[in-house]
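Letter by letter, the chains look like this.
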Amino acid sequence: MDEKEETRKIQFTGKSSYIVSLPKQWVTDLGLKQGDQIRMVRKDSSTLEIYPPKFETRSQKKEDATIEIENEETFAIVRKLISLYFLGYKTINIKPKSGRLNPNQRNAVKEAVKRMLMGSEIISDSSSGITIQVLVNLLELSVDGAIKRMIHLAKSMSNDAILAMSENNLELAHEVINTDDEVDRFGFYIIRQLKIAIQNEHMLKEMGFKNARDCLGYRLVVKNIERTGDHAVLIANDIIEFKKPVKKDIVEKIQDMNEFALSVLDDSCLALFKEDYVQAEKTIEKTNEIVKYEKKVRDASKSLKDDEEIYRIRRMTENIRRISEYASDIAEIVLNMNIEKSLKKTA
């Protein structure tokens, strides 16, 4: 039996009360003593929760937060807002220390809520302050579900960037850049969930995590997916900056390389969701094959005379290679998260 789990009998003590004893070690560890009051909550038809007094005080403090600003730059205000969102506050107030919020400050906050903070809504907006409420249901969109959407968006960005290159389509390249905000929104949402899970063991289990250590693994996975989108943006920026088409035979080699990089990203994330140690190992080995695709692009580029174009192609292949490296990093995270299960199978 898990060391944090105990079995106790319910005892009848009167006409309207039953009692259940608590393990002495739990009471000692939590700093409780005889006469202390604890809070009991019935969560649903099959769950009872017991909280010590300190937990109640801490959770109440996490409901609301207020940022008082003076002459801060807009990026500093947005940074504070994102940090409080990560920490799990449900209501965030932004107020001036004196005077009023200027139009730039108000617009920056409203734009951040719209573009970055999933499940958030401005419920009060004036020059004297802005109030943001986080309405999202934490269990409505699971961490796995959000990561799957992130992967889909990041892959779409990469594919669209390569398509924009093949067609010299500047409009599509701009669309890739705009999509990056959506990837970040899912990333911020997941980080918020992970921080809440780490601080609340009940939420940890509700979200499907075995332990808090897995939350760190998922945080690193999110970072790698975000970087995948970032490299698609770099490719899109190159297309916009150079405004020149790429030779067809080189385009085909770059498309093959991108397709391979995204396939190993799929493999690594599938290993994550399946908790598959063996699949993760195979994925790490497979990512090494990216050098073959990169060499094909270099060979096809040997006929180019324009140094600027050669440099451009090299940067694109480097960005695609980095995507495969992120896939390998995710696979390594899967190995670390599932090594103990692998040992049990071989024992």
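Quick caveat: nothing in here was measured; it's all calculated off a predicted structure.

Asker: Please explain the sheet that holds strand β7 (residues 120-126) as it appears in this structure.
Answerer: Strands belonging to one sheet form pairs held by backbone hydrogen bonds; the direction of such a pair is parallel or antiparallel. The mixed open sheet is built from four strands, whose spatial order is β5-β6-β8-β7. Either end of the sheet is taken by a strand with one partner, and the two such strands are β5 (64-69) and β7. Direction aside, neighbouring strands of the sheet carry axes that sit 15 degrees apart on average. As judged from the four bridges shared by strand β6 (residues 91-96) and strand β8 (residues 129-134), these two strands associate in the antiparallel manner. Residue pairing in the sheet places Thr91 in a bridge with Gln133 of β8. Against the sheet, helix α4 (residues 103-115) engages β5, β6, β7 and β8, with an angle of about 165 degrees to β7.

Asker: How should the nonpolar core be read in this particular structure?
Answerer: Most often, soluble globular proteins keep nonpolar side chains buried together rather than apart. Judged by nonpolar contacts, the single largest core of 95 residues is most densely connected at Leu81, Ile147, Ile190, Phe209 and Ile254. Contacts of Phe209, omitting those with residues within four sequence positions, involve Val143, Leu194, Ala197, Leu204, Asp214, Cys215 and Tyr218.

Asker: Explain helix α9 (residues 248-274) here, please?
Answerer: In an α-helix there are 3.6 residues to a turn, and that puts residues three or four apart on one side. For α9, with 27 residues, the first-to-last C-alpha span of 39 Å sits near the 39 Å given by 1.5 Å per residue. Looking at the residues trailing α9, positive phi occurs at Glu275, about 55 degrees.

Asker: Help me understand the pattern of salt bridges, please; the structure alone is not making it clear to me.
Answerer: It is possible for side chains of opposite charge to pair when their charged atoms get near one another. All chains considered together, the criterion is met by 21 salt bridges. Lys80 is the partner of Glu72 in a salt bridge, and the nearest nitrogen-oxygen pair spans 3.2 Å. Its relative accessible area of 23% is what places Glu72 among the partly exposed residues. One salt bridge connects Asp238 with Arg315, and the closest N-O pair in it is separated by 2.1 Å. In this pair, Asp238 sits in helix α8 (residues 212-242) while Arg315 sits in helix α12 (residues 307-346), placing the two residues 77 residues apart along the sequence. Relative accessible area serves as the criterion here: at 3%, Asp238 is assigned to the buried category.

Asker: Is there a simple way to explain helix α5 (residues 143-167) in this structure?
Answerer: Taking 1.5 Å per residue, 25 residues should reach 36 Å; α5 reaches 36 Å between its end C-alpha atoms and fits that length. Asn168 occupies a position one or two residues after α5 and carries a positive phi of about 50 degrees.

Asker: For this particular structure, what's the right way to read unusual backbone geometry?
Answerer: Most of the time, phi is negative for any residue but glycine, and the peptide bond is trans. With a phi angle near 50 degrees, Asn168 is a residue other than glycine that sits in the positive phi range. For Asn168, the position within the fold is in the loop between α5 and α6 (170-199). The partly exposed category is assigned to Asn168, whose relative accessible area is 25%. The backbone of Glu275 shows a phi angle near 55 degrees, a positive value even though the residue is not glycine.

Asker: When you look at the side chain of Ser328 in this model, what are you seeing that I'm missing?
Answerer: Along the polypeptide, Ser328 turns up in helix α12. Dropping the residues within four chain positions of it, Ser328 is found in contact with Ile284 and Thr287.

Rules and cut-offs
- Residues numbered from 1 in each chain as written.
- Predicted model: local features only at pLDDT ≥ 70, side-chain atom pairs only at ≥ 80, totals over all residues.
- Heavy atoms only, no water.
- Pairing = 2+ DSSP bridges.
- Helix = DSSP H or I, 4+ residues; strand = E, 2+ residues; numbered from the N terminus.
- Axes fitted to C-alpha atoms, helices over the stretch in contact; angles between N-to-C directions.
- Contact = heavy atoms within 4.5 Å.
- Core = buried A, V, L, I, M, F, W, Y, C linked by side-chain atoms within 4.5 Å.
- Buried < 20%, exposed > 50% of the residue type's maximum accessible area, 1.4 Å probe, protein only.
- Expected span 1.5 Å × (residues − 1).
- Salt bridge = Lys/Arg side-chain N within 4 Å of Asp/Glu carboxyl O.

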